[in-house]
Every structure is written in C-alpha cells, then in structure tokens.
Amino acid sequence: MKGTLFVVSGPSGVGKTSIISALMNKLENIVFSVSCTTRPPRPGEVDGVDYFFVSRDKFIEMREKGEFLEWAEVHGNLYGTPKKFVLENIEKGNRIILDIDVQGALQVKRNFDDAVFIFVAPPSYEVLKERLLKRGTENSQSMLKRLENAKWEMSKIVEFDYLIVNSDLEKSILAMKSIITAESYRTRRILDEALIKRLFKGVSESETGN
Ligand SMILES: Nc1nc2c(ncn2[C@@H]2O[C@H](COP(=O)(O)OP(=O)(O)O)[C@@H](O)[C@H]2O)c(=O)[nH]1
Ligand SMILES: Nc1ncnc2c1ncn2[C@@H]1O[C@H](COP(=O)(O)OP(=O)(O)O)[C@@H](O)[C@H]1O
C-alpha cells in the first residue's frame, strides 16, 4: 500500500505547529516533512527539525535542480518541500504531514490527486491576532504581513477537504487525529485483488454463488 500525503494549511499563528507536533507521537507510520526556508531561525528552532535553514542562493540552486515538490514565497521568505523525502515515504507506505501555505497546497493539489487537504482556521480574526501577539515571534511589520495574508488564505478554504476551527487545542488535535485515521480506512487506499482474495480465503465458489 502506498503512503498518503496530508497537507495542512491555515493562517500563520492559527495553531498548525501546535496541533501537528502533539500528533506526531500519537500515531504510527507518520512522518513530518521538514521544509527548507530562507527565513532566519527563531529562538529555540533547530536546523533539520523545525526547518532546514538555507540561504536564498542555496534555495534557488535547489529549486533549479528540481529538488522541491512545491515551493512558495510567503511573507517575503522562500519555503519549499524537499521532494526526495516525500516520494521515499510514499513508497514506504507512510503518512506524511506537510505544514505548508495555501499557495503550496494548491500546487500539491494539481499533482497529487490522492492527497488529503486540511485547513486550520482561527475562531475569529481577533483571536488570530491575539495568538500571534502572544507567541511574540513577530515584529509589527511581520505581524501585519501575516494578518493580511490570512485574509487571502481564508478565501481558499473551499479548496480543502477538511476544516478544523482551532478554538480548543485538545479538540483540534483529536479532530486531526480522526481525519488521518479515517483516511487510512478508505477502500480505494486499501482494497486490491490480493486483499479480496485473502479476505475470502477458504470460501468455496459454490458458497459465493460463482
Ligand atoms: N509553500 C510552502 N509553505 C511552507 C513550507 N513550509 C512552511 N510553509 C508555510 O510558511 C508559512 C510561514 O511559516 P513560518 O515562517 O514557520 O511561520 P508561522 O506559520 O507563523 O509559524 C506557514 O503558512 C507555513 O505553513 C513549504 O515547504 N512550502
Ligand atoms: N487552540 C488554541 N488556543 C489558544 N492558543 C493556541 C491554540 N492553538 C495554538 N495556540 C497558540 O497560538 C500560537 C500560535 O500557534 P502555532 O502552533 O505556532 O501556529 P502556526 O504553526 O499555525 O503558526 C502559539 O503560541 C500556540 O501556543
């Protein structure tokens, strides 16, 4: 069975990282796709864990070599999903989580018709503002960019398969876990000739009427 791509998008500060990181040790066969970015690391962020922090020149070189599955410029920085990691994990049958912006999600949608798209929305614009302020990672210019971009991102919700309004963090974690779990029971993902034969092993043709 091939793996599945789960694409998680939503405005900056809505809680995507919080939800995803809480889930990573709650599910099996799940991996997080670490993106490359030209954004400088925030205090506490670790290279290779949160992101691969690269220079703009390096990013452009990688992009030209076709190393990204998708990429986008977000709030003035470049972000891209390393292609090799994702393709290898699809082959291994893993569930791969991508935390990427809406532009990137729409690119993935054009190339992976089997991927699952999840949008995380804030309960209100005011709450989003509060969360960004409280996180304390942005200066006022960067805050404004993020809030402005949020309006455009919210207008693309209809492109997504699932919508989680992140009011209560624990409930949102449970919602994301349920979505990921339910997707692995889809017949189109798991049903093939071999499975049908195995399920009906030992049943004679006369019993099935064939
Ligand atoms: N297209 C794309 N977007 C990404 C990628 N990695 C992260 N992002 C998005 O870039 C935006 C900014 O991320 P970040 O700088 O970590 O800020 P934060 O969202 O406020 O924590 C978010 O919407 C991320 O989902 C990527 O590989 N590709
Ligand atoms: N449901 C929630 N209620 C209150 N605060 C939250 C909730 N979800 C996340 N947060 C907080 O909001 C801030 C932004 O969350 P984060 O996960 O960094 O968002 P994103 O990855 O979408 O940018 C963090 O300080 C986080 O602790």
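Reading guide: rules and limits
Residues numbered from 1 in each chain as written. Chains lettered and ligands numbered in written order. Predicted model: local features only at pLDDT ≥ 70, side-chain atom pairs only at ≥ 80, totals over all residues. Axes fitted to C-alpha atoms, helices over the stretch in contact; angles between N-to-C directions. Helix = DSSP H or I, 4+ residues; strand = E, 2+ residues; numbered from the N terminus. Parallel < 35°, antiparallel > 145°, perpendicular 65-115°, else oblique. Left-handed = near helix turned anticlockwise from the far one by under 90°. Contact = placed C-beta atoms within 7 Å. Nonpolar A, V, L, I, M, F, W, Y, C, P; charged D, E, K, R; others polar. Pairing = 2+ DSSP bridges.

Asker: Run through the packing of helix 1 (residues 16-23) against helix 7 (residues 169-183), naming residues and quoting values.
Answerer: Running from N to C, helix 1 and helix 7 point in directions that differ by 60°, and their axes come no closer than 9 Å. Between helix 1 and helix 7, the crossing angle belongs to the class labelled oblique. Where helix 1 crosses over helix 7, the handedness of that crossing is right-handed. Residues Ser18, Ile19, Ala22 and Leu23 of helix 1 form the contact with helix 7, whose participating residues are Leu169, Ser172, Ile173, Met176 and Lys177. When the residues that make up the contact of helix 1 with helix 7 are grouped by side-chain class, the tally is six nonpolar, two polar and one charged.

Asker: Describe in detail the sheet that holds strand 2 (residues 30-32), supporting the description with residues and values.
Answerer: As summarised here, the arrangement of the five strands in space is 2-7-1-8-9, forming an open sheet in which the pairing is parallel. Both outer strands of the open sheet, strand 2 and strand 9 (162-165), are each paired with one neighbouring strand and no more. The mean inter-strand angle of the sheet, taken between neighbouring strand axes irrespective of direction, is 25°.

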